[in-house]
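# Descriptive analysis of the structure
Single-letter residue listing:
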Amino acid sequence: MGLLGLFVFVFPVLGLILNEAVLSNGGTTSSFVRKVEKTIDMPLDSDVFRVPSGYNAPQQVHITQGDLEGKGVIISWVTQEEPGSNTVLYWSKHDKQKSSAEGKYRTYKFYNYTSGYIHHCTIKNLKFNTKYYYEVGIGNTVRQFWFRTPPKVGPDVPYTFGLIGDLGQSYDSNITLTHYEHNPTKGHALLFVGDLSYADNYPFHDNVRWDTWGRFTERSTAYQPWIWTAGNHELDFVPEIGETVPFKPYTHRYPVPYKASGSTAPFWYSIKRASAYIIVLSSYSAYGKYTPQFKWLEAEFPKVNRSETPWLIVLMHSPWYNSYNYHYMEGETMRVMYEPWFVKYKVDMVFAGHVHAYERSERISNVAYNIVNGVCTPIHDQSAPVYITIGDGGNLEGLATNMTEPQPKYSAYREASFGHAILDIKNRTHAYYSWHRNQDGYAVEADSLWFFNRVWNPMDDSTTASS
Ligand SMILES: [Fe+2]
């Protein structure tokens, strides 16, 4: 390279570096450019919404954890023509005969909509780490599915969680779910951070779109537990048409084992699964001091035994740290209430949705402010969680593309693309996290991070970015 060539090459690069240093102290804003298309819902006659054939065939089959430790499962399904049987038959390959459990069904009305017969059946005391087959629709059209219980709770049990938020039922939602299913690192259970069907975007919150969502997701939800978090699109609070009970469709359709963790409402609860302790919070229930959620969480954190479950994960819908110009600071009042506990108890990671994009924070906290001291800037804090916004499931409202500039220091990586994530817990000390955008091949990681557990690796730096 001649002298002139050197100048031509070096100066723009130097300029870029200087520019970077002057304008931004934050992490990476991805340069990935997504093809701009409108995100629209799949029409009602789409294949993924097809009603299973046969008289009164069970549809919208889904399962979730049914107890505190993973030996229980709640199986749910809907029958349309008549209530039909509440029985679930289940067996493992070691069993000589099928066992049976009895559930219950319920229906609800929402404005001019009447639901089908929504069945829920809790099965408890299963064997850990065992594949079970199950049948529903006994006496009419029988459909068979299977699931695998998690290993017994313990500190070094490897386990892989998927992560999806704000899914909806658009063409992009279908791509997200397909990418999750085809990810070579198979998720065993899915942590869902709220906003399921987006039925409330239709006139009168057309609950038919709750039914289509149940049929669309069945290909995953019937075979592995989805751990539910309530989002704002679960509220369905519409007093102008007489619908004044918040969360009515959601609570009728998606039960959770909240009583097992001493919770008094299905919107906040916790479960243990393998080596993880998962706390689910509600951004849309009262959380101030003295409220039921506050009192429950205050009592909950001291119960977490990191020798039993080294990984402490929190799910919520509205993110506390979000540098997009959407839903900005909506999570702020809950952050002010609860963040000191998250730091004190060394929460490993907080997953949220709501903002339709992806963002990962550094380990930061902002707990010094006391009204008069003016100290209100997030700081690096090795006791703090990593905050991940994963509201990028692909619903009809489209992507959040507009970001605050420059990227704040606390934001490590952000990108306006649809996708899902995988949290692959290896043992008590290491977990590998990866985020996968929908435009890439199934194995491609767009962002990734090794988590070193701070309770068990006290001398190590807590995270190492590899993206
Ligand atoms: Fe939301």
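Residues numbered from 1 in each chain as written. Predicted model: local features only at pLDDT ≥ 70, side-chain atom pairs only at ≥ 80, totals over all residues. Heavy atoms only, no water.

### Overview of the sheet that holds strand 11 (residues 143-148)
Spatially, the four strands line up as an open sheet ordered 5-4-10-11, and their pairing is antiparallel. Edge strands, defined here as strands with exactly one partner in the open sheet, are strand 5 (99-102) and strand 11. Between one strand axis and the next, the sheet turns through 30° on average, direction left out of account. In this structure, strand 4 (residues 87-92) lies alongside strand 10 (residues 131-136), joined through four bridges in antiparallel fashion. The residue of strand 10 that forms the bridge with Leu89 is Glu135. (Pairing = 2+ DSSP bridges. Helix = DSSP H or I, 4+ residues; strand = E, 2+ residues; numbered from the N terminus. Axes fitted to C-alpha atoms, helices over the stretch in contact; angles between N-to-C directions.)

### Section: the pairing of strand 16 (residues 276-280)
Within strand 16, five of the five residues are buried, leaving the element largely enclosed by the surrounding structure. Burial along strand 16 is two-sided: Ala276, Ile278 and Val280 facing one way and Tyr277 and Ile279 facing the other are all buried. With five bridges joining them, strand 15 (residues 269-273) and strand 16 adopt antiparallel strand pairing. The residue bridging Ile271 from the neighbouring strand is Ile278, located in strand 16. Direction of pairing for strand 16 relative to strand 17 (residues 311-315): parallel, over a ladder of five bridges. Note that in strand 17 the partner of Ala276 across the bridge is Trp311. Considered for its hand, the β-α-β crossover made up of strand 16, helix 5 (residues 292-300) and strand 17 is right-handed. (Buried < 20%, exposed > 50% of the residue type's maximum accessible area, 1.4 Å probe, protein only. Right-handed = clockwise from strand over helix to strand, strands pointing away.)

### Thoughts on a nonpolar patch on the surface
Taken together, the side chains of Tyr369, Ile371 and Val372 define a hydrophobic patch exposed on the protein surface, amounting to about 370 Å² of accessible area. Of note, Ile371 is situated in the loop between strand 19 (358-365) and strand 20 (379-380). Classification of Ile371 by relative accessible area gives exposed; the value is 67%. (Patch = residues over 30% accessible without salt bridge, like charges linked within 9 Å, V, L, I, M, F, W, Y side chains within 5 Å. Areas by Shrake-Rupley, 256 points an atom, 1.4 Å probe, with all protein chains shown as cover. Salt bridge = Lys/Arg side-chain N within 4 Å of Asp/Glu carboxyl O.)

### So, the confidence of the model for the protein chain
Looking at the protein chain as a whole, the pLDDT averages 93, with 92% of positions reaching at least 70. Within the protein chain, helix 1 (residues 3-23) has the poorest average pLDDT of any element, 41, and strand 2 (residues 59-65) the best, 99. With pLDDT under 50 throughout, residues 1-24 is counted as low confidence; its partners more than four residues away or in other chains account for seven contacts. (pLDDT = per-residue confidence, 0-100. Contact = heavy atoms within 4.5 Å.)

### Overview of the coordination of the iron ion
The protein atoms donating to the iron ion are Asp195 (OD), Asn232 (OD1), His317 (NE2) and His354 (ND1), with metal-donor distances spanning 2.1 to 2.3 Å. Taken together, the four donor atoms coordinating the iron ion and their angles of 87 to 168° define a geometry best described as irregular. (Donors = N, O, S within 2.8 Å, 3.2 Å for Na, K, Ca; no water. Tetrahedral: all angles 85-135°; square planar, octahedral: opposite > 155°, others 65-115°.)

### Focus on the pattern of salt bridges
What the rule picks out here adds up to 19 salt bridges. A salt bridge links Glu69 to Lys272; its shortest N-O distance comes to 3.7 Å. Remark: Lys272 occurs in strand 15 and Glu69 occurs in the loop between strand 2 and strand 3 (73-79); sequence separation between them is 203 residues. Note on Lys272: relative accessible area 12%, which makes it buried. The salt bridge involving Glu181 is made with Arg219; its shortest N-O contact spans 2.9 Å. Here Glu181, found in helix 2 (residues 171-182), pairs with Arg219, found in helix 3 (residues 208-221); they are 38 residues apart in sequence, far enough to count as distant. Take Glu181: its relative accessible area is 26%, and that puts it in the partly exposed class. Residue class for Arg219 comes out partly exposed when judged on its relative accessible area of 30%. Salt bridges sharing common partners tie together Glu69, Lys272 and Glu308.

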